[in-house]
Amino acid sequence: MTELREAASPAGALDRASPNAEATEAWLARRERGSRMGIRALLLVTRVLGRRGGRALLRVIIFYFTIFAGPARRASRAWYQRVVGRSSFWTAYRHLLRFAEVALDRVFLVRGELDQFEFDHQGTQLMRSALATGRGAILLGAHFGSFEAMRAAASDAQLPINILAHNANARLIAAFLDEVSGGRSRVRVIEINPQDKTYILEVKQRIDEGELVAVLGDRLGLNDRSTIVEFFGAPARLPSGPYIMASVLRCPVFMVFGTFEPPARYVLRCELLAEQVELPRANREQAINRYAAQFARRVEHYAGAAPDNWFNFYDFWKMPADDQQPQQ
């Protein structure tokens, strides 16, 4: 049980009482209310204009957004420069537009309107085979393409999926699913709360009951444990938690990627990372790093082929100057 808590409990400021806790809660509440208003506006657009009309409107909105959203535009251009070797205002525009299009599609996917899309399944039978044994599995994804497309297709095939997310994101995901589905969503959102470790028991229960637990492996929460790997030729920091959790739960880990190909095609890929994550005590950190590096290579493969599906609009490689080398 100690290791299970460790898998989800990074030591640090979030585990201590914060003098600004009340202010933080108030900010989260305002953010959630604002997000609900945004979701309702998006729902109105989809009802009035439909998917085709909504996509046309996005082209205008994102053009102006690209002009005035300097940080996102610069992050996109830096990404394209690193991955493709060239960038411009127009690569940033298409990149941001792709993100907005995928966000718009989430509404239709959550509502179960799958007939508007074409799905190309590659390797997803691996999940079905794993669940046929009666044991659950972890789905490891990234901020790449659409995880919602993978989730919607899995729901259509009656594969039970739970989403594991940090506090604020968990609330926003739950709000989105609730608003869009009219309260009928069957997806559970498990909230990572560093001040209450009991949530990891729910993760264990879901795995034991033969369900899927989805977690993102490319972005750190505050004070998350991490490991450094090479990603597109430079060191990047990835979370260690998914691999520690998988080693304790002794369940398979599948990497999942849902690449969007306009106007309406999603290529859903599922690959086995490990039947069981093994973290020997003698070289635990090195073992974690090997799994994270394997995941990074697959993300690099798919993101390199479809750079407009990469949705981390910040300096992904930024880290302290004295902490720059991938771990061996």
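Here the structure is shown first, and the text comes after it.
Residues numbered from 1 in each chain as written. Predicted model: local features only at pLDDT ≥ 70, side-chain atom pairs only at ≥ 80, totals over all residues. Heavy atoms only, no water.

Caption draft 1: Quick peek at the pattern of salt bridges. Counted according to the given criterion, the structure contains 15 salt bridges. Here E148 makes a salt bridge to R106, at a shortest N to O gap of 3.8 Å. In this pair, E148 is assigned in helix α6 (residues 147–156) and R106 in helix α4 (residues 89–110), connecting sequence segments 42 residues apart. The shortest N-O distance in the salt bridge between R298 and E271 comes to 2.8 Å. (Salt bridge = Lys/Arg side-chain N within 4 Å of Asp/Glu carboxyl O. Helix = DSSP H or I, 4+ residues; strand = E, 2+ residues; numbered from the N terminus.)

Caption draft 2: Fine view of the pairing of strand β6 (residues 226–231). Burial runs high along β6: five of the six residues are buried. Where β6 meets strand β7 (residues 234–239), six bridges bridge the pair, whose relative direction is antiparallel. Opposite I228, over in β7, you have R237 as the bridge partner. Adjacent in sequence and paired antiparallel, β6 and β7 are bridged by two residues, among which F232 carries a positive phi angle near 50 degrees. (Buried < 20%, exposed > 50% of the residue type's maximum accessible area, 1.4 Å probe, protein only. Pairing = 2+ DSSP bridges.)

Caption draft 3: Geometry of the sheet that holds strand β3 (residues 161–166). Sheet architecture is open: seven strands sit in the order β1-β9-β8-β2-β5-β3-β4, paired in mixed fashion. Each edge of the open sheet is held by one strand with a lone partner, namely β1 (118–122) and β4 (188–192). Taking the axes of each pair of neighbouring strands and ignoring which way they run, one obtains an average angle of 25 degrees across the sheet. Two strands pair when backbone bridges link them, and β1 and strand β9 (residues 265–274) are joined in this way by five bridges, in the parallel orientation. The partner of F119 across the bridge, within β9, is Y266. Contacting β2 (137–141), β3, β4 and β5 (212–216), helix α8 (residues 199–208) runs over the sheet at an angle of about 145 degrees to β4. (Axes fitted to C-alpha atoms, helices over the stretch in contact; angles between N-to-C directions. Contact = heavy atoms within 4.5 Å.)

Caption draft 4: The arrangement of the packing of helix α3 (residues 70–83) against α4 in detail. It is the contact of α3 with α4, at a shortest axis distance of 9 Å, that shows an interaxial angle of 105 degrees. Between α3 and α4, the angle falls in the class roughly perpendicular. Facing A72, R73, S76, R77, W79 and Y80 of α3, the residues of α4 in contact are F89, T91, A92, H95 and L96. Its residues placed into classes, the contact of α3 with α4 shows six nonpolar, three polar and two charged. (Parallel < 35°, antiparallel > 145°, perpendicular 65-115°, else oblique. Nonpolar A, V, L, I, M, F, W, Y, C, P; charged D, E, K, R; others polar.)

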